[in-house]
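So the chains spell out like this:
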Amino acid sequence: MFEMSIAFRHISSHRRQTLFSVIAVALSVAIIIVYISMINGFMENIIDSTVENQAHITVFPKENEDEIYLYHGLEDYLSQQEGIIAVSSYYKGEAALQYRHNVEGIVLSGIVPENEDRVLNMEKDMVAGELESLVIPGNNIILGSKLAQNLEVDIGDTVTAQVPGSSPTDFKITGIIRTGTPADEISAYGNLRRVQDLYNTGDIITGTGIRISDIYFAETLANTIDRQTDYDAVSWIELNSEILTLINTQQQFGTIFYIMIFAISGFSIANILSMIVMEKVGEIGMLLAMGTTRRSILCIFLLEAGILGMMGVLVGCVIGYIFCLVIVSITIPVPPEMYFGLDHLPLLIAPQNFIIAGVFSMIINLIAGIQPARKASKMDPVEAIHSV
Amino acid sequence: MSDKKKIEIRDLTKIYGDGVEVRALDGVDLDIEKGEFLAIIGPSGSGKSTLLNMIGILDTPTSGTILLDGIDITTASQRQRSKIRNQKLGFIFQYHHLLPDFNAIENVMMPLLINGIKKSKAKKIACEMLEEVGLYDRANHRPNQLSGGQNQRVAIARALANNPDIVIGDEPTGNLDSKSSDIIYDLLRKLNKEHDQTFILVTHDERMAEKTDRIIRLVDGKIVENSKVE
């Protein structure tokens, strides 16, 4: 294929310009790879922590009601639904916890530990003590790690809980849990029966958490529960719509960012090709005189755009990979309050990031090559030959 | 029509103009027979290069016809024109127009590769052509490593690579000194006799034109002389 050999010779005869174009494309590809890896890492971490630390679906009381009565029937109904792995009912109420001179306002949750563990994998978040300590309806309490830190307490200490309309009650700290979310600062857990007693409510709950097999089926299932029970079933997607909207917006900004970065590298390709076309006017005229079709001329210059782009993409993938490894190895810290509980910049190095950046770049580079290639293919052979 | 007739030009007119009309060719009639070695001469702006570009299908006339082997090439499609240029025509210009990034043999191979001939066969033919123009030993030299005369000889080898019926030369010696011009002219004459190909040369050089078989003199786009050289 003579078009290919001409394209290669044109490029190899412009080594310096080729180098700059390849660097421009490579840097754009590398930047996009790092950016995609960061966004995807961030998104995966957010979704992971959200999905892991929250019920996939939460059933709240009916409209105009604050509690769910006769909840065992609801639990039986939910357990029979396809796709539901675990169900855990809880009672949540506001309380104040005191230890010596430290007082913190908290959300006290009464739970059945084995059920809650099946829904939220609580056991893996326990940093001290045992979740099982809540099995018996005694005065045991598990605190969020940040809450424990603020109260300056540790395992074995006794804190005093004050709930509205009830006398102060002492609880022994039997566990500390760290989920990595803001909930660690305000959450405390006790045995469901004991918490119900504390609030003098009888056997009622304020909600039921559900774990399902396919997290992306949560919305549909929540709607079904909603329709069939009159209870208010809310999926994790709906509960975290703000975060997901933020991520979505971030991705849209990302797309604009990709286009701008790739446009810059595309211009560098267009620039070198325009220069080659201007320099090779006589040569193009002679090729036309020798019987080269206009399509072949177009092909030569598009091949040049493709070769330059491909070289840039390959180099960019290597640089991008190295950048990613460096960022992962140095662990860039970020304030968890601003990053939904994340304490470092997460990076997800996945093959599809490289494919997306590479393919996107190649498309832009080929588009950038169209104008100079068309200009070359439309030349008048007589004018081109006599221009020299 | 005689069997030997290769090119029949009838009432060929080319008008350039963007506001002011310029008749570069004005009703030219001309028959050129196979194997002829003819020169087109005339003052600057007389239309000789325009006529050559028409015969070479590099340009299209405003009116009139050019029959090549009985086929009107003025109405051919872009693809057909490319094919005819590649297979039936060879071009030599004042400036050699060799591809600077390719060496001599690769330049000679180029029209063969455009014609779809395999690389190995193209290389063999190119070697033979370079041998014919006496530059086999310079096969691997790039144009910037060859003299003007040598580059023009490579351009001749390239023009003849596809064994075309017609070789068109637009001032092929215009850029060379008289010694190199004589060498090029002698070479063209030798190839014309050996290959029985039609050579149509545009030249300013009356001395060179006198050495051809026929002289066509153009003035203001019209043929004013069409005479055999004795």
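Residues numbered from 1 in each chain as written. Chains lettered and ligands numbered in written order. Predicted model: local features only at pLDDT ≥ 70, side-chain atom pairs only at ≥ 80, totals over all residues. Heavy atoms only, no water.

Undergrad: Can you explain the overall build of chain A? Please cite residues and give values.
TA: If you tally the helices and strands in chain A, you get 14 helices and ten strands. Considering only C-alpha atoms, chain A reaches an extent of 105 × 45 × 30 Å along its principal axes. Counting over 388 residues, chain A shows a buried share of 51%. Look at the contacts in chain A between residues 6 or more apart in sequence, and 78% of them connect residues 24 or more apart. For chain A, the accessible surface area stands at approximately 18500 Å², while carbon and sulfur atoms represent 58% of it. (Helix = DSSP H or I, 4+ residues; strand = E, 2+ residues; numbered from the N terminus. Buried < 20%, exposed > 50% of the residue type's maximum accessible area, 1.4 Å probe, protein only. Contact = heavy atoms within 4.5 Å. Areas by Shrake-Rupley, 256 points an atom, 1.4 Å probe, with all protein chains shown as cover.)

Undergrad: An account of the packing of helix α1 (residues 2–12) of chain A against helix α12 (residues 294–330) of chain A is requested, with residue identities and associated values reported.
TA: All names here are of chain A. One can describe the packing of α1 onto α12 by two numbers: an axis separation of 8 Å at closest approach and a directional angle of 50 degrees. The orientation of α1 relative to α12 falls into the category oblique. Handedness of the α1/α12 crossing: right-handed. Every residue of α12 that contacts α1 at F2, E3, M4, I6, A7, F8, H10 and I11 is listed here: S296, C299, I300, F301, L303, E304, I307 and L308. When its residues are assigned to classes, the contact of α1 with α12 shows twelve nonpolar, two polar and two charged. (Axes fitted to C-alpha atoms, helices over the stretch in contact; angles between N-to-C directions. Parallel < 35°, antiparallel > 145°, perpendicular 65-115°, else oblique. Left-handed = near helix turned anticlockwise from the far one by under 90°. Nonpolar A, V, L, I, M, F, W, Y, C, P; charged D, E, K, R; others polar.)

Undergrad: Tell me about the domain arrangement of chain A, and please be specific about residues and values.
TA: Residue and element names in this part refer to chain A. Taken domain by domain, chain A comprises domain 1 (2–51 + 243–386) and domain 2 (55–236). Placing a centre on the C-alpha atoms of domain 1 and another on those of domain 2 gives a separation of 51 Å. Contact between domain 1 and domain 2 buries roughly 550 Å² in total, counting both sides, with carbon and sulfur atoms accounting for 69%. Taken together, the connections running from domain 1 to domain 2 amount to zero salt bridges. The interface formed by domain 1 and domain 2 holds zero residue pairs in polar contact (both at pLDDT 80 or more) in total. With three residues, helix α2 (residues 15–53) is the single largest residue contributor to the side of domain 1 that touches domain 2. The class makeup of the residues in the side of domain 1 that touches domain 2 is four nonpolar, two polar and no charged. (Domains from an automatic or database assignment. Buried area = accessible area lost by both parts, 1.4 Å probe. Salt bridge = Lys/Arg side-chain N within 4 Å of Asp/Glu carboxyl O. Polar contact = N/O pair within 3.5 Å; in protein donor to acceptor, adjacent residues only side chain to side chain.)

Undergrad: Explain the confidence of the model for chain B to me, and be specific about the residues and the numbers.
TA: When pLDDT drops low, the exact placement of atoms in the prediction is not to be read closely. Averaged over all residues, the pLDDT of chain B is 89; the fraction at 70 or higher stands at 98%. Quick note on the complex model: pTM equals 0.75, ipTM equals 0.90. (pLDDT = per-residue confidence, 0-100.)

Undergrad: Hey, could you go over the nonpolar core for me, with residue numbers and the actual values?
TA: Soluble globular proteins: nonpolar side chains tend toward being buried together. Core analysis: the largest hydrophobic core is formed by 120 residues, its most contacted members being L51 and L130 of chain B. Tallying contributions element by element places α12 of chain A first for this core, with eleven residues. (Core = buried A, V, L, I, M, F, W, Y, C linked by side-chain atoms within 4.5 Å.)

Undergrad: Just give me the short version of the sheet that holds strand β6 (residues 89–93) of chain B, but keep the residues and values in it.
TA: Residues and elements named next belong to chain B. Across the sheet, six strands lie side by side as β6-β7-β8-β3-β9-β10; this open sheet has mixed pairing. Whereas interior strands pair on both sides, the edge strands pair on one side only; in this sheet they are β6 and β10 (222–228). For this sheet the average axis-to-axis angle between neighbouring strands, irrespective of direction, equals 15 degrees. Pairing of strand β3 (residues 37–41) with strand β9 (residues 214–219), which is carried by four bridges, proceeds in the parallel orientation. Across the sheet, the residue bridging to A39 is I215, located in β9. (Pairing = 2+ DSSP bridges.)

Undergrad: Tell me about the pattern of salt bridges, residues and numbers included.
TA: Applying the stated criterion across every chain, the model contains 23 salt bridges over all chains. E106 of chain B is the partner of R9 of chain A in a salt bridge, and the nearest nitrogen-oxygen pair spans 2.7 Å. Here the residue R9 of chain A occupies a position in helix α1, and E106 of chain B occupies one in helix α3 (residues 104–114), the pair thus bridging two chains. R9 of chain A gets classed as partly exposed once you look at its relative accessible area, which sits at 22%. Each of K6, D69, K88 and D165 of chain B takes part in one network of salt bridges that share partners.

Undergrad: A description of the interface of chain A and chain B should follow, citing residues and the corresponding values.
TA: Across the boundary between the two partners, chain A contributes 25 residues, which contact 24 residues of chain B. When the two sides are added together, the surface that chain A and chain B hide from each other amounts to roughly 2100 Å², 64% of it contributed by carbon and sulfur. The largest share of the area that chain A buries against chain B comes from R9, M286 and M290 of chain A, three residues that together contribute 30% of it. Viewed at the interface, chain B and chain A are joined by two salt bridges.

Undergrad: Explain the packing of aromatic side chains to me, and be specific about the residues and the numbers.
TA: This structure, assessed with the given rule, holds ten aromatic pairs over all chains. Positioned over the ring face of Y231 of chain A is K62 of chain A, at 5.0 Å from the centre of the ring. (Phe/Tyr/Trp six-rings, centres within 6.5 Å; stacked < 30°, edge-to-face > 60°. Lys NZ or Arg CZ within 6 Å of the ring centre and 35° of its normal.)

Undergrad: So, the side chain of S88 of chain A: which residues are in play, and what are the values?
TA: Tracing the sequence through the fold places S88 of chain A in strand β2 (residues 84–99). Discounting chain neighbours no more than four positions away, the residues touching S88 of chain A are V112, N115, E116, V119, G207, T208 and G209 of chain A.

Undergrad: Now, about the environment of N53 of chain A: what can you tell me, with residues and values included?
TA: Residues and elements named next belong to chain A. For N53, the location among the structural elements is in helix α2. Taking relative accessible area as the criterion, N53 reaches 18% and is therefore assigned buried. In this structure the C-alpha to C-alpha distance between N53 and V119, which are 66 residues apart in sequence, comes to 9.0 Å. Once you skip the residues sitting within four places of it in the chain, N53 turns out to touch L120, D125, T179 and T181.

Undergrad: Residue-level account of the pairing of strand β8 (residues 198–202) of chain B, with values.
TA: Walk down a regular strand and you will see the side chains alternate between the two sheet faces. Residues and elements named next belong to chain B. With five of five residues buried, β8 is to be regarded as a mostly interior element. Every second residue of β8 is oriented toward a common face, with T198, I200 and V202 on one face and F199 and L201 on the other, all of them buried. Across four bridges, the pairing between β3 and β8 is parallel. The residue of β8 that forms the bridge with A39 is L201. Bridge count for strand β7 (residues 166–170) against β8 is five bridges, and the pairing is parallel. By the bridge assignment, G169 is partnered in β8 with L201. After leaving β7, the chain enters helix α6 (residues 178–195) and then returns to the sheet as β8, a path that is right-handed. (Right-handed = clockwise from strand over helix to strand, strands pointing away.)

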